[in-house]
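Structural overview
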Amino acid sequence: MTATQLTLMQIDNYGPWTVTPEPRREMDLQTMQSRLFADLAQFVGARGGYVFFTRFDNMVAVTNGLDRTDHELLQESVGNRYPVTVSLGVGVDEVPAEALETATGLVQNAGSAQSSDRSEAFAGSFHDDAADDDVHVAHFDVNDATGKYTDRLNEFDTFINIEQGYASLMRYMREAHGGLSFFVGGDNVIATCPDLSAEEYRGAVDHVADEAEVQLKVGVGSGPTAHEAGIRAKHALEDCRYEGTLVEFA
Ligand SMILES: Nc1nc2c(ncn2[C@@H]2O[C@H](COP(=O)(O)OP(=O)(O)OP(=O)(O)O)[C@@H](O)[C@H]2O)c(=O)[nH]1
């Protein structure tokens, strides 16, 4: 069975920590959160995975290619270097939303996100019979975001447009296909998806155009890891630019 392996990374007891012994300076929290994301991105990225910052206190990673030892090392290294620890749950499924459901359930079963009793919980099973097309990555991009928004509107109004497109896409992909879409900066959204057809991607692009009036294009790639699928998706997106098309597969 081809499958996506997803890891939920949740900071332990973070809410209480942010206000103990009294509320901490916001920019110090932002610095710590973004450094933790950068470290996770480097660790997971160097092993072929992708990490998405999601809400920063919870991050979601596509970890095909990372095994139990890699996860244990990550957890230990964070615990050694940060004032917080992380709990990890790992799930495997053809449908990314199902894999994340499993991963999340494992972390939730180990204790509340705001329990001082839960620290560095780790549970899950790993995808060991890897296949060449385990991971499907869709790289979405707003058509001419620079001309339509960045060069014309103030940054906040540009941000509203981009975020509305993202909100529409993330909900549609989740509900229609169990795909998980993540804003990654600029006008880009990367989704981890089941094996979908060009017609199904066109449906997503049409939905966002209708609902949020944001015109997307999407490049899709597959591979044994998120990196390999994602780099193919980027090349497919370049094909969209070259051909003037809205959906391309690598
Ligand atoms: N994370 C990420 N961001 C990107 C990538 N490519 C572009 N961006 C971001 O997207 C912004 C807009 O760039 P483009 O998407 O190339 O520009 P555009 O005006 O939309 O033009 P077209 O996409 O060609 O229609 C850039 O400022 C970057 O912030 C990428 O591969 N990954």
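Positions within a chain are numbered from 1, following the residues in the order the chain's sequence is written. Under the rules for a predicted model, residues below a pLDDT of 70 receive no local features and side-chain atom pairs below 80 are neither given nor counted, while totals for whole chains, interfaces and linings still include all residues. Based on all heavy atoms of the structure, the side-chain values leave hydrogens and waters out of the count.

Moving on: the pattern of salt bridges. Any Lys or Arg side-chain nitrogen found within 4 Å of a carboxyl oxygen on Asp or Glu counts as a salt bridge. All told, the structure shown has seven salt bridges when counted by the stated rule. One salt bridge connects Arg47 with Asp70, and the closest N-O pair in it is separated by 3.5 Å. Taken together, the residues span a long stretch of sequence, with Arg47 in the loop between helix 2 (26–45) and strand 2 (50–52) and Asp70 in helix 3 (residues 68–81) at a distance of 23 residues. Of the residues examined, Arg47 reaches a relative accessible area of 30% and is grouped as partly exposed. Counting from the N terminus, the helices are the DSSP runs of H or I reaching at least four residues and the strands are the DSSP runs of E reaching at least two. Accessible area is worked out with a 1.4 Å probe on protein chains only. A residue is then buried under 20% of its type maximum, exposed over 50%, and partly exposed in between.

To obtain each axis, a line is fitted to C-alpha atoms, and for helices this fit is confined to the stretch in contact; angles are then taken between N-to-C directions over 0 to 180 degrees. The N-to-C vectors of helix 6 (residues 155–177) and helix 7 (residues 198–212) enclose an angle of 140 degrees; their axes lie 9 Å apart at closest approach. One way to sum up the angle between helix 6 and helix 7 is to call them oblique. For the pair helix 6 and helix 7, the sense of crossing is right-handed. Of the residues in helix 7, those touching helix 6 at Gln164, Gly165, Ser168, Leu169, Arg171, Tyr172, Met173 and His177 are Glu200, Tyr201, Gly203, Ala204, His207, Val208, Glu211 and Ala212. Should an angle fall under 35 degrees it is called roughly parallel, over 145 degrees roughly antiparallel, and 65 to 115 degrees roughly perpendicular, with every other angle called oblique. When the near helix sits turned anticlockwise from the far one by under a right angle, the crossing is termed left-handed; a clockwise turn instead gives a right-handed crossing. The contact criterion used throughout is that any non-hydrogen atoms of two residues lie within 4.5 Å.

Pairs of packed helices are described in terms of their axes, by the angle between the two and the distance that separates them. Here helix 2 crosses helix 3 at 150 degrees, and the two axes come no closer than 11 Å. In this view, helix 2 runs roughly antiparallel relative to helix 3, as classed from their interaxial angle. At the point where helix 2 passes helix 3, the crossing takes the right-handed sense. Contact residues: Leu36, Asp39, Leu40 and Phe43 in helix 2; Asp70, Leu73, Leu74, Val78 and Arg81 in helix 3. In the scheme used here, Gly and all other residues not listed as nonpolar or charged are polar, with Ala, Val, Leu, Ile, Met, Phe, Trp, Tyr, Cys and Pro taken as nonpolar and Asp, Glu, Lys and Arg as charged. Considered class by class, the residues forming the contact of helix 2 with helix 3 number six nonpolar, no polar and three charged.

Let us now look at the environment of Leu36. Here Leu36 is to be found in helix 2. Residue Leu36 is classed as buried on the basis of its relative accessible area, which comes to 0%. Remark: the alpha-carbon pair of Leu36 and Ala167, spanning 131 residues in sequence, is separated by 25 Å. With residues up to four places along the chain from it excluded, the contact list for Leu36 reads Ile11, Met59, Val78, Tyr82 and Val86.

Domain annotation of the protein identifies domain 1 (4–124) and domain 2 (135–249). If you average the C-alpha positions of domain 1 and of domain 2, the two centres end up 25 Å apart. Listed as interface residues are 16 residues of domain 1 and, on the opposing side, 19 residues of domain 2. As used here, buried area is the combined drop in accessible area, with a 1.4 Å probe, of two parts when they are placed together. If you sort the residues of domain 1 by the area they bury against domain 2, Tyr50, Phe52 and Pro96 come out on top, with a joint share of 39%. Linking domain 1 with domain 2 are zero salt bridges. Listing elements by their share of the side of domain 1 that touches domain 2, those giving two or more residues are strand 1 (4–11), strand 2, strand 3 (58–62) and helix 4 (96–110). In terms of residue class, the side of domain 1 that touches domain 2 is built from ten nonpolar, five polar and one charged. Residue ranges for the domains originate in an automatic or database domain assignment.

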